[in-house]
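This is what each chain is made of:
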Amino acid sequence: MRAISSRRISISPFRYLSSLAAARVDHHHHPQCIHPAPTNSPIHLHTEKPEGLISLIKSSSENSHLLQIHARLIRKTLFQDPFFFSAFLFRVALPPFHDLTYAFRVFSKSEKPNVFMYNIMIRAYAMSDSPIKGFQLYQGMLRSGVSPNSLTSSFVTNCCIKIGSFFGGIQIQARILRDGHHSDGRLLTTLMDFYSSNEEYSEACKVFDEMSHRDTVAWNVLISCYLRNRRTRDALRVFDMIRSSSECQPDEVTCLLLLQACANLNALAYGEGVHRYCEEHGFDKAINICNALITMYSRCGCIEKAFEVFKGMAKKDVVSWSAMISGLASNGYGRDAIEAFSEMQRSGVSPDDQTFTGVLNACSHSGLLDEGRMFFNSMSEEFGIPPNIHHYGCVVDLMGRAGLVEEAYNLVSSMKVKPDATIWRTLLGACRIHRQADLGEQVIEHLIELKAQEAGDYVLLLNIYSSLGDWDKVINVRKIMKERGIQTTPACSTIEFKGEIHEFVANDFSHPRKTKIYEMLDEINQQLRIAGYVAEPMSELHNVGVEEKQIALSYHSEKLAIAFGVLSTPPGTPIRVAKDLRICVDCHNFAKMLSAVYNREVVIRDRNRFHHFREGRCSCNDYW
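- As annotated in an unreviewed UniProt entry, the protein carries the name Pentatricopeptide repeat-containing protein and comes from Nicotiana attenuata.
- Its UniProt record gives the protein a comment under Sequence similarities (unreviewed entry), which states: "Belongs to the PPR family. PCMP-H subfamily."

**Thoughts on the overall build of the protein**
Argument step 1. Each helix and strand counted, the protein has 32 helices and six strands in total.
Argument step 2. Residues classed as buried in the protein amount to 50% of the 624 residues present.
Argument step 3. Long-range contacts, defined as pairs at least 24 residues apart, comprise 64% of the intrachain contacts of the protein with a sequence gap of at least 6.
Argument step 4. Total accessible area on the protein stands at roughly 30300 Å², and carbon and sulfur atoms take up 51% of it.

**Observations concerning the packing of helix 10 (residues 166–179) against helix 11 (residues 185–197)**
Argument step 1. Look at helix 10 against helix 11: their axes get within 11 Å of each other, and the N-to-C directions meet at 155 degrees. When the axes of helix 10 and helix 11 are compared, the pair comes out roughly antiparallel. Between helix 10 and helix 11 lies a crossing whose hand is left-handed. Residue-level contacts link F166, G169, I170, Q173 and I176 of helix 10 to L187, L191, F194 and Y195 of helix 11.
Argument step 2. The residue inventory of the contact of helix 10 with helix 11, partitioned by class, reads seven nonpolar, two polar and no charged.

**Description of the pairing of strand 4 (residues 602–605)**
Argument step 1. Across the two faces of strand 4 the burial is the same, with V602 and I604 and V603 and R605 all buried.
Argument step 2. You can see the chain leave strand 3 (residues 575–579), run along helix 32 (residues 585–597) and come back into strand 4, and the turn it takes is right-handed.
Argument step 3. Of the strand pairs in this sheet, strand 4 and strand 5 (residues 610–614) are connected by four bridges, and their pairing is antiparallel. The partner of I604 across the bridge, within strand 5, is H611.
Argument step 4. Taken together, strand 4 and the strand that follows it, strand 5, pair antiparallel across an intervening segment of four residues.

**What about unusual backbone geometry?**
Outside of glycine, negative phi angles account for most residues, and trans bonds account for most peptide bonds.
Argument step 1. Here P95 and P96 are connected by a cis peptide whose omega angle stands at 15 degrees.
Argument step 2. Mapping P96 onto the fold places it in the loop between helix 5 (82–93) and helix 6 (100–108).
Argument step 3. Although it is not a glycine, E199 adopts a positive phi angle of roughly 60 degrees.
Argument step 4. Turning to its location among the elements, E199 is positioned in the loop between helix 11 and helix 12 (201–209).
Argument step 5. With phi around 60 degrees, N266 is a residue other than glycine that occupies positive phi space.
Argument step 6. Topologically, N266 is positioned in the loop between helix 15 (252–265) and helix 16 (268–280).
Argument step 7. Judged by its relative accessible area of 5%, N266 is buried.

**Comments concerning helix 16**
Argument step 1. For helix 16, built from 13 residues, the straight-helix expectation of 18 Å at 1.5 Å per residue is met to within 8% by its first-to-last C-alpha distance of 18 Å.
Argument step 2. Every buried residue of helix 16 is listed here: L268, Y270, G271, E272, G273, V274, H275, Y277 and C278.
Argument step 3. Residue G282 follows helix 16 closely and has a positive phi angle near 75 degrees.

**Regarding the packing of aromatic side chains**
Argument step 1. The full count for this structure, using the stated rule, is 25 aromatic pairs.
Argument step 2. Arranged with centres 4.9 Å apart and planes meeting at 70 degrees, the rings of F208 and W219 form a pair that is edge-to-face. Residue F208 is located in helix 12, and its partner W219 is located in helix 13 (residues 216–228); the two are separated by eleven residues in the primary sequence.
Argument step 3. F208 gets classed as buried once you look at its relative accessible area, which sits at 4%.
Argument step 4. An angle of 85 degrees between the planes, with centres 5.5 Å apart, marks the rings of F239 and Y277 as edge-to-face. With a gap of 38 residues between them, F239 in helix 14 (residues 232–243) and Y277 in helix 16 connect regions that are remote in the sequence.

**Considerations on the nonpolar core**
Argument step 1. Counting 159 residues, the largest nonpolar core has F88, L89, M121, I122 and L427 as the members making the most contacts within it.
Argument step 2. Looking at which element gives the most residues to this core, the answer is helix 7 (residues 115–126), with nine residues.
Argument step 3. Core analysis: the second largest hydrophobic core is formed by 30 residues, Y518, Y533, F590 and F613 among them.

**Focus on the UniProt feature "repeat: PPR" (unreviewed entry) in the protein**
Argument step 1. Under the feature "repeat: PPR" (unreviewed entry), the UniProt entry names residues 114–148, 215–245, 317–351 and 352–387.
Argument step 2. Along residues 317–351, the helical share is 74% and the strand share 0%, with 10 Å between the first and last C-alpha atoms.
Argument step 3. End-to-end, the C-alpha atoms of residues 352–387 are 11 Å apart, and along that stretch the chain is 78% helix and 0% strand.

**A word on the environment of C620**
Argument step 1. Structurally, C620 is set in the segment after strand 6 (617–618).
Argument step 2. Along the backbone, C620 and S366 are 254 residues apart, and their C-alpha atoms lie at a distance of 7.2 Å.
Argument step 3. Excluding its chain neighbours within four sequence positions, the residues that come into contact with C620 are H588, R609 and H611.

**Here's the deal with the sheet that holds strand 5**
Argument step 1. Strands sit in the order 2-1-3-4-5-6 across an open sheet of six strands; the sheet is mixed. Each of the sheet's edge strands pairs with one partner strand only, and the pair in question is strand 2 (500–505) and strand 6.
Argument step 2. Pairing of strand 5 with strand 6, which is carried by two bridges, proceeds in the antiparallel orientation. Across the sheet, the residue bridging to F613 is C618, located in strand 6.

**Side note on the packing of helix 17 (residues 287–299) against helix 18 (residues 303–311)**
Each pair of packed helices can be described by the angle between their axes along with the distance between the axes.
Argument step 1. It is at 7 Å that the axes of helix 17 and helix 18 come closest, and there the two elements cross at 165 degrees. One element, helix 17, and the other, helix 18, form an angle in the roughly antiparallel class. Both helix 17 and helix 18 take part in a crossing whose hand is left-handed. From helix 17, C290, L293, I294, Y297 and S298 reach across to helix 18, where they touch I303, K305, A306, V309 and F310.
Argument step 2. Across the contact of helix 17 with helix 18, the residue classes break down as eight nonpolar, one polar and one charged.

**Concerning helix 17**
Argument step 1. Its 13 residues give helix 17 an end-to-end C-alpha distance of 18 Å, which sits within 8% of 18 Å, the value for a rise of 1.5 Å per residue.
Argument step 2. Listed as buried for helix 17 are I289, C290, N291, A292, L293, I294, M296, Y297 and S298.
Argument step 3. If you follow the buried residues of helix 17, they end up packed against helix 15, helix 16, helix 18, helix 19 (318–330) and strand 5.
Argument step 4. Of the residues trailing helix 17, G301 is marked for its positive phi of about 75 degrees.

**Notes on the pattern of salt bridges**
Argument step 1. If you walk through the whole model with that rule in mind, you get 17 salt bridges.
Argument step 2. R228 is the partner of D193 in a salt bridge, and the nearest nitrogen-oxygen pair spans 3.4 Å. Placement of D193 in helix 11 and of R228 in helix 13 is noted, with a sequence separation of 35 residues between them.
Argument step 3. Where R346 meets E343, a salt bridge forms, and the shortest distance between an N and an O atom there is 2.8 Å. You can see R346 and its partner E343 sitting in helix 20 (residues 334–346), three residues apart, about one turn around the helix.

Reading the values: the criteria
- Residues numbered from 1 in each chain as written.
- Predicted model: local features only at pLDDT ≥ 70, side-chain atom pairs only at ≥ 80, totals over all residues.
- Heavy atoms only, no water.
- UniProt positions renumbered as here; feature names shortened; annotations may be inferred.
- Helix = DSSP H or I, 4+ residues; strand = E, 2+ residues; numbered from the N terminus.
- Buried < 20%, exposed > 50% of the residue type's maximum accessible area, 1.4 Å probe, protein only.
- Contact = heavy atoms within 4.5 Å.
- Areas by Shrake-Rupley, 256 points an atom, 1.4 Å probe, with all protein chains shown as cover.
- Axes fitted to C-alpha atoms, helices over the stretch in contact; angles between N-to-C directions.
- Parallel < 35°, antiparallel > 145°, perpendicular 65-115°, else oblique.
- Left-handed = near helix turned anticlockwise from the far one by under 90°.
- Nonpolar A, V, L, I, M, F, W, Y, C, P; charged D, E, K, R; others polar.
- Right-handed = clockwise from strand over helix to strand, strands pointing away.
- Pairing = 2+ DSSP bridges.
- Expected span 1.5 Å × (residues − 1).
- Phe/Tyr/Trp six-rings, centres within 6.5 Å; stacked < 30°, edge-to-face > 60°.
- Core = buried A, V, L, I, M, F, W, Y, C linked by side-chain atoms within 4.5 Å.
- Salt bridge = Lys/Arg side-chain N within 4 Å of Asp/Glu carboxyl O.

As structure tokens, then:
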């Protein structure tokens, strides 16, 4: 009998495995009664002892092996043993397999699931596209009388973060306090992330303050919270706080977050400090750190250092190339960005949609109309990448800057994707440049339809009317803004000095050194006027005399920041300023003249691009 049985098994392993695989694929067959595994199957040699079976479960790398193990567990009546059941469920539910349909069917076979089994499933759902099922499973767990532990609360809170359920998260926190889990560091870190994702930043900081032990993950979540709340300077201060902490030190994630903060705030000196820390701790070879450094240096207007990092990378992925191309584009090196795109293809790296955004931006900023159209057409024709709203925006910007405003409007009207507020604002900016008042009014109507009009849109319209001298319409627009409660936010410019960020708005008197700054700015204005600088009155939107306009223009935020830079740094030191809005014509002329008279390089980053002023010229060639 033994010989016959052995022969039967030895001649049918492929049919046996095929039937198991078929049952696995269609999810309609659950192997309750399956023949013993063939003698040459991977589980045959390892399941004589329980520890061998557990080891095999953990090391399984193929679906067919898991099905054979499932069958062996049923055959040996081990499937209702929580020890084996949990190990098998863990392997099926979580990556790399992460098959939630199969996992839930396995889970439902448990006669009395315990907290560990619930945790596995809730965690798996939190990592999936169906986090709501994890929250529902948590509610079922409570109804069944199974008490959650701190891990349960952490996993289900992650579900609430993904589904955006603030009320659900509050319920979970109440349960955490009730069960006495409020001292668990991992759980509190998840709570911080929950509050931060729901823009309850003060609550997130409160949770952090109440933590008895703060590890690096907790500090990283705090930094992320500050970044989401646009408290970028606070995020930078956290770096020094972690380094002075005896509990932990910044890790790779910390550095990634801080480099993002430095890029947003134009904090070059601080970013260089983070770069040195990465080098000291061996993080600088990681490809994601290198990519972040390229972005940081590019967004701080230091394209040479960005290229140094890029050139020193042993391996460059599509993100590396895209970051370098985008950096070259925003800093005025359009031709170099196109050459980098060609080199990327020669190196065998295929472009993605972000790469084309960078290339199209390069064409837009440099006025390369024919090249931009060629790249836009090649996206779908040669690379199979359908253009998205960002690509259309680049082409609209390119056409608008080139004076093809009507053609740009027709492109927006015929787009395959629905135009958003950003693309209409891009077109409105072109209307301002080329004084297309009628078309600008049509664009405003589209923004009103989208219920997306902002103060900046009306300011652009005011610019159009004031440039045409149509003061009646200027008065009318101001009246509409007042009736709708639309208020403009003053433009803000920042400059970094000795690791500290100094912020200015127009006619700002809040700075501790305000007297010296205004004295310096008056001196600069006097020197520039001697050299031939004349204020551009069209940049002032009020119907007042030329002299009043010149006075109003004298104290724009970027001029105050530049004056602070001249006052605070030695002669010849580059001055780097970041502005949250587009630089006006008068301030652009001011910076050009100052770079020649004071022999200073001035780098201004506005909301669209960089302007590198050297020896009386700008990298944008007055095309912005």
